[in-house]
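# Topology and contacts: notes
Take a look at the letters that make up each chain.
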Amino acid sequence: MTPLTELPLGTRVVVRYRIEGGFTDALGPLRARDADTCTVETKRGLVVVPLAAVVAAKPVPPAPQRKSSGPAEPNL
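A brief report on the enclosed structure follows. It should be emphasised that the depicted structure is a prediction, and the values quoted were computed from it without experimental measurement. (Residues numbered from 1 in each chain as written. Predicted model: local features only at pLDDT ≥ 70, side-chain atom pairs only at ≥ 80, totals over all residues. Heavy atoms only, no water.)

## Some details on the overall build of the protein chain
What the protein chain contains, in helices and strands, is zero helices and five strands. Along the protein chain, helices (α) and strands (β) appear in the sequence β-β-β-β-β when read from the amino end. In the protein chain, the share of contacts with a sequence separation of at least 24, taken over all contacts with a separation of at least 6, comes to 41%. Summed over its atoms, the accessible surface of the protein chain is roughly 5900 Å², and 54% of this surface lies on carbon and sulfur atoms. (Helix = DSSP H or I, 4+ residues; strand = E, 2+ residues; numbered from the N terminus. Contact = heavy atoms within 4.5 Å. Areas by Shrake-Rupley, 256 points an atom, 1.4 Å probe, with all protein chains shown as cover.)

Quick look at the structure:
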């Protein structure tokens, strides 16, 4: 596993980290990083994660493309 501190910014990642009462995940592009934190852009917004709280992190493939919900094309 590539350490979170070595992944290029913009890489889609999943980061599992400790919170009060358990663990949670942040999934999305890695947007920023410094000596103490990393920032992941999730569907709910930017999440700043203390590196000391990270228990696992890895790059993940791009999100699957959603199928169009437009009108179906007629079969000819």
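There is more to say, and it comes next.
## Some words on the sheet that holds strand 4 (residues 45-50)
Strand order across the open sheet formed by five strands is 4-3-2-1-5, with antiparallel pairing between neighbours. In the strand order of this sheet, the two ends are held by strand 4 and strand 5 (54-59), each with one partner. Each adjacent strand pair in this sheet contributes to an overall mean axis angle of 40°, direction not counted. Direction of pairing for strand 2 (residues 22-33) relative to strand 3 (residues 37-42): antiparallel, over a ladder of three bridges. Along strand 3, the bridge assignment pairs A32 with T39. (Pairing = 2+ DSSP bridges. Axes fitted to C-alpha atoms, helices over the stretch in contact; angles between N-to-C directions.)

## Focus on the pairing of strand 2
For strand 1 (residues 12-19) and strand 2, the ladder comprises eight bridges, and the chain directions are antiparallel. Within the sheet, the bridge partner assigned to V14 lies in strand 2 and is L27.

## What about the layout of surface pockets?
To locate leftover empty space, one rolls a probe as large as a water molecule over the atoms. By volume, the largest pocket amounts to about 180 Å³. Taken together, R12, L27, G28, P29, E41, T42, K43, R44 and A63 make up the lining of the largest pocket. It is strand 2 that provides the largest number of residues to the lining of the largest pocket, a total of three residues. Along the lines of polarity and charge, the residues of the lining of the largest pocket split into three nonpolar, two polar and four charged. (1 Å grid on protein atoms, 1.4 Å probe; cavity = no way out; pocket = protein on both sides within 12 Å on 5 of 7 lines; lining within 4 Å. Points joined across faces, edges and corners; volume = space filled by probe spheres on them. Nonpolar A, V, L, I, M, F, W, Y, C, P; charged D, E, K, R; others polar.)

## Some details on the pattern of salt bridges
Counted according to the given criterion, the structure contains two salt bridges. Between R16 and D25 there is a salt bridge, and its shortest N-O distance comes to 2.7 Å. In this structure D25 comes out as partly exposed when scored by relative accessible area, which is 39%. For R31, the salt bridge is made with E41, and the minimal N-O distance between the two is 2.6 Å. Linking R31 in strand 2 with E41 in strand 3, this pair joins segments that are 10 residues apart in sequence. Assessed through its relative accessible area of 40%, R31 is described here as partly exposed. (Salt bridge = Lys/Arg side-chain N within 4 Å of Asp/Glu carboxyl O. Buried < 20%, exposed > 50% of the residue type's maximum accessible area, 1.4 Å probe, protein only.)

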